[in-house]
Amino acid sequence: MRIATWNVNSIRARLPNIMDWISTQKPDILLMQEIKCETSSFPFLEFKSSGYEVRAVGQKSYNGVAIASLHPIEDVTEALPHSSNDEPARYIEAVIKGIRIASIYLPNGNPVSTDKFTYKLDWMARLKQRAIKLLQEESPVILGGDYNVIPKEMDAHDPAAWENGALFLPQIRAAFQEILNLGYTEAFRAMNPHKLEAYSFWDYQAGAWQRDNGIRIDHFLLSPESIDRSTSCHIDRSPRGKEKASDHVPVIIDLDL
DNA sequence: ATGGTTGTTGGACAA
């Protein structure tokens, strides 16, 4: 079982790249973030022709998350608990082959001195509550997506450039660590403890990709029941070098099921 | 310090 997460930065702008990647990697499940379209505008037919069922929750212009799967998607939840009606489209959760799996687009939180930062903290607190609830099922849980969190210094090419930002401030890293402390494992670092220059995002600006000035902010958090079944986790940076690339690349996890 | 880029849109805003 192969599961990938990818912030695609517009599903419509990225469709050829995504279809190309899917046809070679053939993930059983692909979690997507920043589809940047309303749910009704999602290119469901293109995915269906590649064998994928898709459940999406979108909105006009911004945000939006989706789950594409070769296997039946059941028991879909389209928002975090305690969301308001006008909540941005940042969370979708479902059950696939007995795995409870979520596609997460955690708020960026910048600028730090605005309500965007407090919204990020509030969102992380609500995610923690959901994570607690899901652990109680004592079954495989996989929370994948763009967390907008750089966990450690080693996860940034230039940590100093990020130290006062909402992706790396101690308060944010602590909130991320709180979720791990519940009993979740951040799969990439657990399975590649010393790997350096393993990034999942490079800004479009200032030649960040050419300089390998990246950060690792796209993560898989696994419950004990799912980390026990995982065999590897890696990042495929190759899509970042293509024409019309997203600024993020896919993170892939393989499981024995 | 500023600007550098991309996407959605048709001017900012978000990242």
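Within each chain, residues carry numbers counting from 1 in the order of the written sequence. Chains and ligands are labelled sequentially in the order written, the chains with letters from A and the ligands with numbers from 1. Side-chain atom pairs in this predicted model are given and counted only at pLDDT of 80 or more, local residue features only at pLDDT of at least 70, and totals for whole chains, interfaces and linings cover all residues. To obtain the side-chain values, all non-hydrogen atoms of the structure were included, while hydrogens and water were left out.

## Some words on the overall build of chain A
How we decide: Elements are defined by DSSP. Helices are runs of H or I of four residues or more, strands are runs of E of two residues or more, and each kind is numbered from the N terminus. Both definitions apply: the radius of gyration is a C-alpha atom measure, and the globule rule equals 2.2 Å times residues to the power 0.38. Type-normalised accessible area, obtained with a 1.4 Å probe on protein chains alone, sets the label of each residue: buried when under 20%, exposed when over 50%, and partly exposed for intermediate values. Should any heavy atoms of two residues lie within 4.5 Å, those residues are considered in contact. Here the accessible surface of atoms and residues is derived via Shrake-Rupley with a 1.4 Å probe, and residues count as covered only by protein chains that are part of the display. This count recognises Lys and Arg as positive and Asp and Glu as negative, with His and chain-terminal groups excluded. A charged residue contributes its charge at one atom only: NZ of Lys, CZ of Arg, CG of Asp or CD of Glu.
The helix and strand tally for chain A stands at 7 helices and 14 strands. Against the 2.2 N^0.38 benchmark of 18 Å for 257 residues, chain A shows a C-alpha radius of gyration of 17 Å, consistent with a compact globule. With respect to the three principal axes, the spread of C-alpha positions in chain A is 45 × 45 × 40 Å. In chain A, which comprises 257 residues, the proportion classed as buried is 55%. Within chain A, contacts between residues separated by at least 24 positions form 69% of all contacts whose residues are at least 6 apart in sequence. Looking at chain A as shown, the accessible area adds up to about 11,300 Å², and 48% of this sits on carbon and sulfur atoms. Taking the 28 positively charged and 34 negatively charged side chains of chain A as two groups, their mean positions are separated by 3 Å.

## Description of the nonpolar core
Spelled out, the test is: Residues belong to a common nonpolar core when they are buried Ala, Val, Leu, Ile, Met, Phe, Trp, Tyr or Cys residues joined through side-chain atoms within 4.5 Å.
One finds I3 and F220 to be the most contacted residues of the largest nonpolar core, which totals 31 residues. Core analysis: the next-biggest nonpolar cluster, separate from the first, contains 25 residues, W123, M124, I172 and Y184 among them.

## A closer look at helix 5 (residues 170–181)
The condition is simple: By this rule, a helix spans an expected 1.5 Å times one less than how many residues it contains. Of all possible arcs, the one meant is that of the directions from the helix axis to the C-beta atoms.
Between the first and last C-alpha of helix 5 there are 16 Å, a value that for 12 residues agrees with the 16 Å anticipated at 1.5 Å per step. Listing the buried residues of helix 5 in full gives I172, A175, F176, I179 and L180. What you see down the axis of helix 5 is that its buried residues fit within an arc of 150°, all on one side. Of the residues in helix 5, the exposed ones pointing more than 90 degrees away from the buried face are P170 and N181.

## Regarding the pairing of strand 8 (residues 141–146)
Note the threshold: Clockwise travel from the first strand over the helix to the second, with the strands pointing away from the viewer, marks a crossover as right-handed. Note on pairing: DSSP must find at least two bridges between two strands before they are called paired.
Most of strand 8 is tucked away: 6 of the 6 residues are buried. The parallel pair strand 7 (residues 99–105) and strand 8, bridged by helix 3 (residues 115–135), forms a crossover whose chirality is right-handed. Direction of pairing for strand 8 relative to strand 12 (residues 218–222): antiparallel, over a ladder of 5 bridges. Within the sheet, the bridge partner assigned to L143 lies in strand 12 and is L221.

## Description of the pattern of salt bridges
The condition that has to hold: Salt bridges, as used here, are contacts in which a Lys or Arg side-chain nitrogen is within 4 Å of a carboxyl oxygen on Asp or Glu.
Enumeration over the complete set of coordinates arrives at 12 salt bridges. One salt bridge connects R189 with D155, and the closest N-O pair in it is separated by 2.6 Å. Within this pair, whereas R189 is found in helix 6 (residues 187–191), its partner D155 is found in the loop between strand 8 and helix 4 (159–162), the two being separated by 34 residues in sequence. Each of the two residues, R189 as well as D155, counts as buried.

## Focus: the protein's contact with DNA strand B
Spelled out, the test is: One heavy atom suffices: a residue is near a molecule or strand as soon as one of its heavy atoms comes within 4 Å of it. Residues adjacent in sequence count toward polar contacts only when both atoms are side-chain atoms; beyond that, a polar contact is any pair of N or O atoms within 3.5 Å, and within protein one must be able to donate a hydrogen and the other to accept it. Under the convention adopted here, Pro, Cys and the residues Ala, Val, Leu, Ile, Met, Phe, Trp and Tyr are nonpolar, Asp, Glu, Lys and Arg are charged, and Gly plus all remaining residues are polar.
Around DNA strand B sit 15 residues, and of these S10, R14, S61, K116 and Q205 come closest. Close to the protein, within 4 Å, the atoms of DNA strand B are drawn from sugar and phosphate at a rate of 65%. Between DNA strand B and R90, the relevant distance is 3.2 Å, taken from a phosphate oxygen to a side-chain nitrogen or oxygen of the residue. Residues that form the surface near DNA strand B fall into these classes: 5 nonpolar, 4 polar and 6 charged.

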